[in-house]
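One-letter residues, chain by chain:
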Amino acid sequence: QVQLVESGGGLVQPGGSLRLSCAASGVIVSIYDMGWYRQAPGKQRELVATITSGGSTNYADSVKGRFTISKDNAKNTVYLQMNSLKPEDTAVYYCNAYLRTNYITYNFWGQGTQVTVSS
């Protein structure tokens, strides 16, 4: 079994910070890339940030300069540091990993974690 387990979501005030974590567990041969996506009520799911196996990053324009994606290869974990949070950042955040197991190469998703930014 392969699972992505997210943590770190919660309620913060505007201008505050949160760090999301996503740990991949199971029989994993290679992780090619990982990323974070989010979906707010009434809106389509959107890419927030991605990071490749080589360390290249990509960010949505709306979070550039405020969010930072990083990873710890030894722990098979990806992080999303979110600073200067705005109410419009409120959404369910989903972790994604494109990885290879002993059997398949597949796009795995986490369960989602709620981030609420409100005063």
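Residues numbered from 1 in each chain as written. Predicted model: local features only at pLDDT ≥ 70, side-chain atom pairs only at ≥ 80, totals over all residues. Heavy atoms only, no water.

**Student:** For the side chain of Arg38, give the residues involved together with the corresponding values.
**Tutor:** Structurally, Arg38 can be placed in strand β4 (residues 30–39). Looking at Arg38, the relative accessible area reads 6%, which means it is buried. A distance of 2.8 Å separates polar atoms of two side chains, one belonging to Arg38 and the other to Tyr93. Not counting residues up to four positions away in its chain, the partners in contact with Arg38 are Gln44, Arg45, Glu46, Val48, Ser62, Val63, Phe67, Glu88, Asp89, Ala91, Val92 and Tyr93. (Helix = DSSP H or I, 4+ residues; strand = E, 2+ residues; numbered from the N terminus. Buried < 20%, exposed > 50% of the residue type's maximum accessible area, 1.4 Å probe, protein only. Polar contact = N/O pair within 3.5 Å; in protein donor to acceptor, adjacent residues only side chain to side chain. Contact = heavy atoms within 4.5 Å.)

**Student:** So what's going on with the pairing of strand β9 (residues 91–100)? Residues and values would help.
**Tutor:** Pairing geometry for β4 and β9, over nine bridges, is antiparallel. Bridge pairing in β9 links Tyr37 to Tyr94. One ladder, built from three bridges, connects β9 with strand β11 (residues 113–117); its direction is antiparallel. Paired with Val92 across the strands is Gln114, a residue of β11. Pairing between β9 and strand β10 (residues 105–109): five bridges, direction antiparallel. Counterpart to Ala97 in the pairing with β10 is Phe108. Hairpin connection of β9 to β10: four residues between the antiparallel strands. (Pairing = 2+ DSSP bridges.)

**Student:** I'd like a rundown of the environment of Thr68, residues and numbers included.
**Tutor:** Secondary-structure assignment places Thr68 in strand β7 (residues 67–72). Under the relative-accessibility criterion, Thr68 is labelled partly exposed at 42%. C-alpha of Thr68 to C-alpha of Asn102: the two residues are 34 residues apart in sequence and 31 Å apart in space. Discounting chain neighbours no more than four positions away, the residues touching Thr68 are Tyr59, Tyr79, Leu80 and Gln81.

**Student:** Help me get a handle on the state of the cysteines, residues and values and all.
**Tutor:** The full count for this structure, using the stated rule, is one disulfide. The partner cysteine of Cys22 in its disulfide is Cys95, sulfur to sulfur 2.0 Å. Negative torsions about the S-S bond denote left-handed disulfides, and the value of about -85 degrees found for Cys22 with Cys95 makes this one left-handed. Note that Cys22 is positioned in strand β3 (residues 18–26) and Cys95 in strand β9, a separation of 73 residues in sequence. Each member of the pair, Cys22 as well as Cys95, carries the same accessibility label: buried. (Disulfide = S-S within 2.5 Å.)

What is shown is where atoms sit, not what they do.
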